[in-house]
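Coordinate analysis (summary)
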Amino acid sequence: MNFDIFPLDKSLEDTIKHKINLKTKPPGSLGTLEKLALQIALIQNDTSPVLRQPTILVFAGDHGIAEKGEVNPYPQVVTQQMVYNFLDGGAAINSFCSQNNIHLEIIDAGVNHDFQNTHRLINAKIGYGTQNYEAAPAMSINQCEQALEAGASIVLETYQKGCNVIGFGEMGIGNSSAAALLMAYFTKISITECVGAGTGIQGDAIKKKKNILKAVFEKYNPGSAIEALATFGGFEIAMITGAILKAAELKMTIIIDGFIVTAALLAANTLYQNVLDYCIFAHSSEEQGHQKMLNFLDKKPLLSLGMRLGEGTGAAVAYPILESAVAFLNKMASFEEANIATRE
């Protein structure tokens, strides 16, 4: 797929900064909120930006590496069980989306299960989980391209319903392994420094995970970002990559979650570097590779709460901060409006 992703139009930058500086406060006293207000206003190319129909899309997919249970403490069946939990409203992401009035959609990108009577689930299944990359690439180039297109299509539909601010989440037992492999490929950081606890392995289990993924990483030599995504990724990660690219093309404000979503962003950013202009980084995950990803991208997150759950929970928790940035820009009085003297 080809995406038309342009750098931000900064023709209004001085006007927006002037508006921010004339608010009834010392210059810079709202800190990160001022930078955030500026970025959102530039994304929308509007001095009075509005956040419309905030949405989080959670993509679920299974991973062949998880079938053996060597890199993950939970069995693969948990992926499908958690999808049902999302649909029943029982997960953390449901709680936070409900709290913050965020619309939530769940997508079957490639779960190893046939879901029955689940009209609330978006069926975009590419396959019943990826292959185990210990033996073969996770997916074919064709499957990877299908996933990219599916993610982009779902975002377009979301945009056409009126959404202009979007976040992404994921569910897939074994996807922290895929993310670590992608991180190593795109950042050139040693694979052993990219591998973390995932859903909670410790001690010797982490050492085993590192050894397995080191052998996988050394087995392949992808020649492009798409080939790397197909070799090491998951259907849900590839769909998120396509979703990020489409959201940037549509000039949506994109809230980037944690380790897995940032791995998808690394792929998207390699393909189209202007994509970062549209991204706001929600939080720093406790998954040990995530802060290194953020350092590589030279980005600072809004929050650091010790979270490492995934599901888009960091994006959902951070969203009210975006609302605060837009609120002060649009509703806070200027010195002239409030009849307050400015500094000499």
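Residues numbered from 1 in each chain as written. Predicted model: local features only at pLDDT ≥ 70, side-chain atom pairs only at ≥ 80, totals over all residues. Heavy atoms only, no water.

Let us now look at the overall build of the protein chain. Counting secondary structure elements, the protein chain contains 14 helices and 6 strands. Expected size for 344 residues packed as a compact globule is a radius of gyration near 20 Å; at 20 Å, the protein chain falls within 12% of this value. Taken along its principal axes, the extent of the C-alpha atoms in the protein chain is 70 × 45 × 40 Å. Expressed as a percentage of the 344 residues in the protein chain, the buried residues total 56%. Looking at the protein chain alone, contacts between residues at least 24 apart form 75% of all its contacts between residues at least 6 apart. Each charge class in the protein chain can be summarised by its mean position, and for the 26 positive and 34 negative side chains these summaries are 5 Å apart. (Helix = DSSP H or I, 4+ residues; strand = E, 2+ residues; numbered from the N terminus. Rg over C-alpha atoms; globule rule 2.2 N^0.38 Å. Buried < 20%, exposed > 50% of the residue type's maximum accessible area, 1.4 Å probe, protein only. Contact = heavy atoms within 4.5 Å. Lys, Arg positive; Asp, Glu negative; His and termini not counted. Charge placed at Lys NZ, Arg CZ, Asp CG, Glu CD.)

What follows concerns the sheet that holds strand 6 (residues 279–281). With respect to topology, 6 strands assemble into an open sheet ordered 3-2-1-4-5-6, the strand pairing being parallel. Each of the sheet's edge strands pairs with one partner strand only, and the pair in question is strand 3 (121–123) and strand 6. Between one strand axis and the next, the sheet turns through 30 degrees on average, direction left out of account. Note: strand 5 (residues 253–256) against strand 6, 3 bridges, orientation parallel. Across the sheet, residue Ile255 finds its bridge partner in strand 6, namely Ile280. (Pairing = 2+ DSSP bridges. Axes fitted to C-alpha atoms, helices over the stretch in contact; angles between N-to-C directions.)

A few words on helix 1 (residues 13–21). If you check which residues of helix 1 are buried, you get Glu13, Ile16 and Ile20. Along the axis of helix 1, the buried residues cluster in a sector spanning 70 degrees; they form a single face. (Arc of directions from axis to C-beta.)

Let's shift gears to the pairing of strand 5. Residues of strand 5 alternate between two faces, with Thr253 and Ile255 on one and Ile254 and Ile256 on the opposite face, all of them buried. Here strand 4 (residues 165–171) runs beside strand 5; their pairing, made up of 3 bridges, is parallel. Note on strand 5: the bridge partner recorded for Val165 is Thr253. This β-α-β element, strand 5 to helix 11 (residues 259–271) to strand 6, shows right-handed connectivity. (Right-handed = clockwise from strand over helix to strand, strands pointing away.)

With that out of the way, let us pick up the side chain of Asn132. By the element assignment, Asn132 lies in the loop between strand 3 and helix 5 (141–160). Here the side chain of Asn132 touches Glu134 through a polar contact of 2.9 Å, landing on its backbone nitrogen. In this structure Asn132 touches Gly64, Ile65 and Lys68, once residues within four positions along its chain are discounted. (Polar contact = N/O pair within 3.5 Å; in protein donor to acceptor, adjacent residues only side chain to side chain.)

It is characteristic of soluble globular proteins that their nonpolar side chains tend to be buried jointly. Counting residues in each nonpolar core, the largest one holds 121 residues, and the members touching the most others are Phe168, Ile244 and Ile254. Looking at which element gives the most residues to this core, the answer is helix 10 (residues 235–249), with 10 residues. Residue contacts for Ile244: discarding those within four places in its chain leaves Phe168, Ile254, Ile256, Val261, Ala264, Leu265, Ala268 and Val275. (Core = buried A, V, L, I, M, F, W, Y, C linked by side-chain atoms within 4.5 Å.)

As a further point, take unusual backbone geometry. Of note in the backbone geometry, Asn45 takes a positive phi value of approximately 50 degrees without being a glycine. Tracing the sequence through the fold places Asn45 in the loop between helix 2 (32–44) and strand 1 (55–61). Overall, Asn45 belongs to the partly exposed group, its relative accessible area being 36%.

Where burial is concerned, most of strand 4 is hidden: 7 out of the 7 residues are buried. As defined by bridge partners, strand 1 adjoins strand 4 across 6 bridges and the pair is classed as parallel. Pairing of Phe59 across the sheet is with Glu170, part of strand 4.

What the rule picks out here adds up to 8 salt bridges. Of the charged contacts, one joins Lys25 and Glu34 as a salt bridge, the two residues approaching to 2.9 Å between their closest N and O atoms. Side by side, Lys25 and Glu34 carry an identical accessibility label, which is buried. Note that Glu249 and Lys246 form a salt bridge whose closest N and O atoms lie 2.7 Å from each other. Of this pair, Glu249 and Lys246 are both found in helix 10, 3 residues apart, which corresponds to roughly one turn of the helix. For Lys246, a relative accessible area of 16% gives the class buried. (Salt bridge = Lys/Arg side-chain N within 4 Å of Asp/Glu carboxyl O.)

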